[in-house]
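Overview (structure and organization)
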Amino acid sequence: MSFILNISQRNKVLLTMAKLVASEKDVILQANKKDLDTYNGEDLAMEDRLKVNDSKIEGMILSLQQLANLPDPLGVARFNFTHDNGLHISNKTAPFGTVCIIYESRPDVTIEAAGIAFKSGNKIVLKGGKESLNSNLALVALWHQALEQNDCASDWVTYLQFNREQTQAFLQKPTQKIDLIVPRGGEKLIAFVKEHASCPVIISGRGNNFAYVATDADLQMAIDIIINAKTTKISACNALDKVLIAADMPRKHEFLQHLIQELKKHNVEILVDQFLTELEGTTPFQDESIWFEEFLDYKIVVGQVANIDEAINKINTYGGGHSATIITSNVDKASFFMDTVDAAAVYHNASTRFTDGFQFGLGGELAISTDKLHQRGPIGLQHLVTNKWYVLGDGQIRS
């Protein structure tokens with residue numbers, strides 16, 4: 001049995017890890033280059049997630065430093081009650097125990113997600129994809145160094161170098177106690193984990209995020225938000241895939257032509273519904289199922305809706321439950337949209353690209369959950385805990 005490391009130990013490991021990532025940057029980049037050199041490059045989004053550069057390393061370091069400076073999420077009282085018989089009853093946060101993270105392509109998960117789980121008092125079991133093996137092994141070696149330098153057992157972070165069949169067998173019958181599994185990747189990976197896992201799974205679901213440009217929108221603001229949300233990182237689950245335009249928008253044709261020009265500058269393929277087929281530079285789509293798709297590519301759908309009610313209905317029907325934004329100058333309309341849209345994060349006059357644990361002040365994220373239990377949206381430090389009841393007495397018995 002592993003006892004929980006105290007907060008001082010956990011913070012020291014995180015700060016040591018930040019220093020090691022900085023000092024061993026060249027080793028990490030060299031390992032990542034091996035992965036990139038052997039990757040077939042067929043999936044643009046996966047290749048983008050796979051790549052480690054100076055910016056990503058700086059993000060890893062900052063995430064570890066921020067985590068070390070955040071309060072201890074363990075032992076936080078959520079409820080206190082004194083019984084008539086004198087019993088003192090409280091409910092406090094507690095670690096899950098062992099968290100298994102199964103992920104594709106992204107070596108930064110080896111730092112960010114593992115760091116959050118570790119700070120929350122959990123042991124970490126990592127299972128990365130074969131495409132990022134060299135990067136992941138280099139980072140796990142640094143975890144072990146950080147643990148050993150602070151007199152902590154190296155098995156607080158374990159890496160599973162398994163193929164698909166071995167992973168399936170492990171999910172069905174783990175060789176160690178696993179309390180929670182978090183899959184980070186595409187819909188196929190998530191479905192695979194859900195099908196075979198024998199313990200609770202947090203679903204980090206698809207994006208397929210929507211923007212609704214209302215009648216009273218600031219049109220230049222709308223274009224800036226759409227371009228940012230679509231083009232800054234097409235591999236991110238918070239990227240924009242669908243744009244809905246109010247049918248009675250003033251200067252609608254002018255706005256759409258401007259939007260198309262800006263999207264074309266970024267080589268975005270523009271698909272349109274039956275109401276916008278006259279727009280030059282676009283391609284009408286025939287299959288309505290495209291509204292369900294998360295693209296993770298330089299591709300976007302632009303459609304027209306009669307009003308805000310139709311926009312909300314469309315988003316709630318087709319969206320991934322991740323993020324949605326409304327561009328409008330009407331605060332009441334924005335509040336109605338945000339209260340009614342069924343998504344983990346809702347926005348008024350802002351890009352969906354902010355749906356991110358680091359951007360939300362959580363010091364990074366374990367995952368962005370589209371489930372409603374036990375936590376929705378970015379899962380940060382304070383969310384990766386369960387709870388325990390503490391009952392203090394002096395001989396009470398129940399009659």
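What you see is a predicted model; the values in this text were computed from it and never measured.

**Focus on a negative patch on the surface**
- Together, Glu 42, Asp 43, Glu 47, Glu 269 and Asp 297 make up a region of like negative charge exposed at the surface.
- Mapping Asp 297 onto the fold places it in the loop between strand E10 (283-284) and strand E11 (299-305).

**Looking at empty space enclosed by the protein**
- The final tally for this structure, using the stated rule, is 2 cavities of 30 Å³ or more.
- Its volume calculated, the largest cavity comes out at about 40 Å³.
- If you go around the largest cavity, the residues you meet are Asn 208, Ile 315, Gly 319, Gly 320, Gly 321, His 322, Ser 323, Ala 324, Asp 342 and Ala 343.
- Partitioned by chemical class, the residues of the lining of the largest cavity number 3 nonpolar, 6 polar and 1 charged.
- The space that makes up the second largest cavity amounts to roughly 30 Å³.
- Around the second largest cavity, the lining residues are Lys 230, Ile 234, Ala 236, Cys 237, Ala 239, Asp 241, Glu 294, Leu 296 and Asp 297.
- For the lining of the second largest cavity, the residue count by class is 5 nonpolar, no polar and 4 charged.

**Regarding the pattern of salt bridges**
- A complete count under the given rule lists 13 salt bridges for this structure.
- Arg 251 is the salt-bridge partner of Glu 254, the closest N and O atoms lying 3.3 Å from each other.
- Judged by its relative accessible area of 53%, Arg 251 is exposed.
- For the salt bridge of Asp 342 with Lys 372, the shortest nitrogen-to-oxygen distance reads 3.2 Å. A residue pair is termed long-range when its members are at least 10 positions apart, and Asp 342 in the loop between helix H12 (331-340) and strand E13 (345-348) and Lys 372 in the loop between strand E14 (368-369) and strand E15 (377-378) qualify at 30 residues.
- Look at Asp 342 and you get partly exposed, because its relative accessible area is 36%.

Rules of the game
Residues numbered from 1 in each chain as written. Predicted model: local features only at pLDDT ≥ 70, side-chain atom pairs only at ≥ 80, totals over all residues. Heavy atoms only, no water. Patch = residues over 30% accessible without salt bridge, like charges linked within 9 Å, V, L, I, M, F, W, Y side chains within 5 Å. Areas by Shrake-Rupley, 256 points an atom, 1.4 Å probe, with all protein chains shown as cover. Salt bridge = Lys/Arg side-chain N within 4 Å of Asp/Glu carboxyl O. Lys, Arg positive; Asp, Glu negative; His and termini not counted. Charge placed at Lys NZ, Arg CZ, Asp CG, Glu CD. Helix = DSSP H or I, 4+ residues; strand = E, 2+ residues; numbered from the N terminus. 1 Å grid on protein atoms, 1.4 Å probe; cavity = no way out; pocket = protein on both sides within 12 Å on 5 of 7 lines; lining within 4 Å. Points joined across faces, edges and corners; volume = space filled by probe spheres on them. Nonpolar A, V, L, I, M, F, W, Y, C, P; charged D, E, K, R; others polar. Buried < 20%, exposed > 50% of the residue type's maximum accessible area, 1.4 Å probe, protein only.

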